[in-house]
Amino acid sequence: MESNWVCIYTTKASYLAEIVKSVLQENEIDAVIINKQDTNYHFGILEIYVERNNAIRSKHLLRDIRKD
């Protein structure tokens, strides 16, 4: 991944990663999920990356979601 992208969220649940990505995209923020889980045993994490200039805004959006 290019150094212009930063990880803003990690989870073990693929459905949560997809929800986070969808929320970010609905707010016009490009997001990418990097799957670091073992394909046979499903342990590990998924990381959501956004461009560095959207990192703070993304974290605020996710914080606001958790409050609801």
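All values derive from a computational prediction rather than experimental measurement.

Here we take up the nonpolar core. Among the nonpolar cores identified, the biggest contains 14 residues, and I8, Y9, V20, L24, I48 and V50 are the most heavily contacted of them. Only strand 1 (5–11), helix 1 (14–26), strand 3 (44–51) and helix 2 (55–67) provide two or more residues apiece to this core. Once residues lying within four places of it in the same chain are set aside, the contact partners of V50 are N4, W5, V6, I8, L24, I29, D30, A31, A55 and S58.

Okay, the environment of E28 next. Relative to the elements of secondary structure, E28 occurs in the loop between helix 1 and strand 2 (31–37). According to the relative accessible area criterion, E28 is exposed, its value standing at 73%. Distance in space between the C-alpha atoms of E28 and N54 is 9.9 Å, their sequence separation being 26 residues.

For helix 1, built from 13 residues, the straight-helix expectation of 18 Å at 1.5 Å per residue is met to within 8% by its first-to-last C-alpha distance of 18 Å. What helix 1 keeps buried is the set A17, V20, V23 and L24. End-on view of helix 1: buried residues confined to an arc of 130 degrees, all on one side of the axis. Residues of helix 1 that are exposed and angled more than 90 degrees away from the buried face: Y15 and E26. Residue E28 follows helix 1 closely and has a positive phi angle near 60 degrees.

Each value, and the rule that gives it
- Residue positions are given per chain, counting from 1 as you read along its sequence in written order.
- Where totals are concerned, whole chains, interfaces and linings use all residues; where local detail is concerned, this predicted model gives features only for residues with pLDDT of at least 70, and gives and counts side-chain atom pairs only at 80 or more.
- The side-chain numbers reported here are obtained from all heavy atoms of the structure, hydrogens and water having been left aside.
- What we call a nonpolar core is a set of buried Ala, Val, Leu, Ile, Met, Phe, Trp, Tyr and Cys residues that are connected through their side-chain atoms within 4.5 Å.
- The rule is simple: take the accessible area with a 1.4 Å probe, protein chains only, and divide by the maximum for that residue type; under 20% is buried, over 50% is exposed, in between is partly exposed.
- Secondary structure follows DSSP: runs of H or I at least 4 residues long count as helices, runs of E at least 2 residues long count as strands, and numbering of each begins at the N terminus.
- Whether two residues are in contact is decided by their heavy atoms, any of which lying within 4.5 Å being enough.
- One fewer than the residue count of a helix, multiplied by 1.5 Å, yields its expected span.
- The directions from the helix axis to the C-beta atoms form the arc being described.

Take it as geometry only, folks, not as evidence of what the structure does.
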